[in-house]
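Coordinate analysis (summary)
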Amino acid sequence: MLACAASLAGGQAPPKSQPLTPVEQKMVATIDDHLAEDQQLLQQIVDINSGTMHLAGVEAVKDVLAPRFEALGFHVRWVPMQSETKRAGDLVAEHTCPQGEGHCGKRMLLIGHMDTVFEPSSSFQKYAAVSGTDGKVATGPGIADMKGGLVIMLASLRAMKEAGALDHAEIRIVLSGDEERTGVPFEAARRDMIEAAKHSDVAMEFEPSARVDGKDTVSIGRRSSTTWHLETSGLSGHSSQIFGQRLGFGAIYEMARIIDAFRRELPEEGLTFSPGLMLGGATAESNSDATGGSATGKANVVAASAMATGDIRTLNNEQTQRIEDKMQKIVAAHLPQTDAKISFDEGYPAMAATPAGRNLLHQWSEISVALGLGPVVESGVMTRGAGDIAFVAPYVPGLVGVGMLGEGYHAEGEKGYLDSMAPQAKRNAVLMERLSQEPAGPFSQK
């Protein structure tokens, strides 16, 4: 919570705002006029199960969205991924500049995803209004993360189209079908997004955000996410001989040594690391998708095998490498008669906050004030998980969380704040219209 309020600390005055132009006022009115229609669209796509591994469901969401982007003048294509990553694919939409690339102001990249964490096996399947909220809150699988963001994206672009602002804007859209359970290899899974970033100047990620103490928030950074796998081994035998020269300490003590050393020696600012699953005994075996497993053993037998898996989240990629090196060093200092090894999966990189990102956030907040919505508070990176925008961060600055506000993401009962749809769409539309008036090229670092 304190991290979210950082931008208002020290008694800083709200940003000064440039008044809305007639074009921007028309966009605002258009968003209000279509709000009921947008809420119906939200219910329609929430009611389509699009769990990451339900490939047909992800494609069904794509089939609803694609014609709507086409109606706005975007060239839309579907990039199937099943043969490469065993995932559904990417929806790519491009609105080119009539005068040629780079001649319609800042080139914008809009990022989102069509999948949710709720597979067909989940009991949480349908959209429903939340009673007692006067129609301001609804619940449903992926309503905020991030089907609400998809609807807000469309609402913003439609407002630009009807006001004529889209005619002089260069915008690329990449909607992944596997953000919640990313396919590998990453170079294939995020190829479309990275290629789009190379032809863009700024990115906007339509993931959800939070409301803190009555203030809307947005972020300019995301932490990384890397999974680690630890295996330890030892000599088995009667437990009366443990700690001796012949049997040593066994696999579970070696595992405990390593995990506790992580706890004592690794902590630093911005870092979290957590063992999420552990097995040990005479035998230990993980299941095929590393979500469980089996172990055998007896109270009087020294454990011969143990395994654990967990994650690491960091502020930047340099921190990731430094922590992995420390973990390797800890693992290598074995107890007598034991062995251990650790490996790291390909993971999400970090998106570090930058001066250019802060400049973009300042514009977003100025626009919010001009809209009569008040300033927007920066949400610290410790409040967020990893996300797709980190893959494009080496190429462009961006805003994180310009989609629907809500709570309870990834859990049954996830809620979306319906009263955030119009405000977020207005902020997005005005920002994109103003960016289209700025010179193409790198974003200001001031």
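Residues numbered from 1 in each chain as written. Predicted model: local features only at pLDDT ≥ 70, side-chain atom pairs only at ≥ 80, totals over all residues. Heavy atoms only, no water.

Examining the overall build of the protein chain
Along its length, the protein chain carries 12 helices and 19 strands. Its C-alpha radius of gyration of 24 Å places the protein chain within 12% of the 22 Å reference for a compact globule of 446 residues. Its C-alpha atoms put the protein chain at 85 × 50 × 45 Å along the principal axes. Burial status across the protein chain gives 54% buried among its 446 residues. Put simply, 79% of the contacts in the protein chain that link residues at least 6 apart link residues at least 24 apart. Surface accessibility of the protein chain: about 18700 Å² in total, with carbon and sulfur atoms responsible for 53%. Each charge sign in the protein chain was given a centre, from 40 positive and 55 negative side chains, and these centres are 3 Å apart. (Helix = DSSP H or I, 4+ residues; strand = E, 2+ residues; numbered from the N terminus. Rg over C-alpha atoms; globule rule 2.2 N^0.38 Å. Buried < 20%, exposed > 50% of the residue type's maximum accessible area, 1.4 Å probe, protein only. Contact = heavy atoms within 4.5 Å. Areas by Shrake-Rupley, 256 points an atom, 1.4 Å probe, with all protein chains shown as cover. Lys, Arg positive; Asp, Glu negative; His and termini not counted. Charge placed at Lys NZ, Arg CZ, Asp CG, Glu CD.)

Some words on the layout of surface pockets
In this approach a probe as big as a water molecule rolls over the atoms, and the regions it shows empty are the leftover space. Of the volumes computed, that of the largest pocket is approximately 1600 Å³. What lines the largest pocket is a set of 50 residues, and nearest its centre among them are Glu-180, Arg-181, Ser-225, Thr-227 and Arg-313. Listing elements by their share of the lining of the largest pocket, those giving two or more residues are β10 (226-234), β11 (272-281) and β14 (305-313). For the lining of the largest pocket, the per-class residue count stands at 17 nonpolar, 18 polar and 15 charged. Quantified by volume, the second largest pocket comes out at close to 300 Å³. If you go around the second largest pocket, you meet 19 residues; those closest to its centre are Ala-350, Met-351, Ala-352, Ala-393 and Pro-394. Every element with two or more residues in the lining of the second largest pocket is listed here: α9 (317-332) and α10 (355-370). For the lining of the second largest pocket, the class distribution of residues is 12 nonpolar, six polar and one charged. (1 Å grid on protein atoms, 1.4 Å probe; cavity = no way out; pocket = protein on both sides within 12 Å on 5 of 7 lines; lining within 4 Å. Points joined across faces, edges and corners; volume = space filled by probe spheres on them. Nonpolar A, V, L, I, M, F, W, Y, C, P; charged D, E, K, R; others polar.)

Remember that the coordinates give geometry; whether it matters functionally is a separate question.
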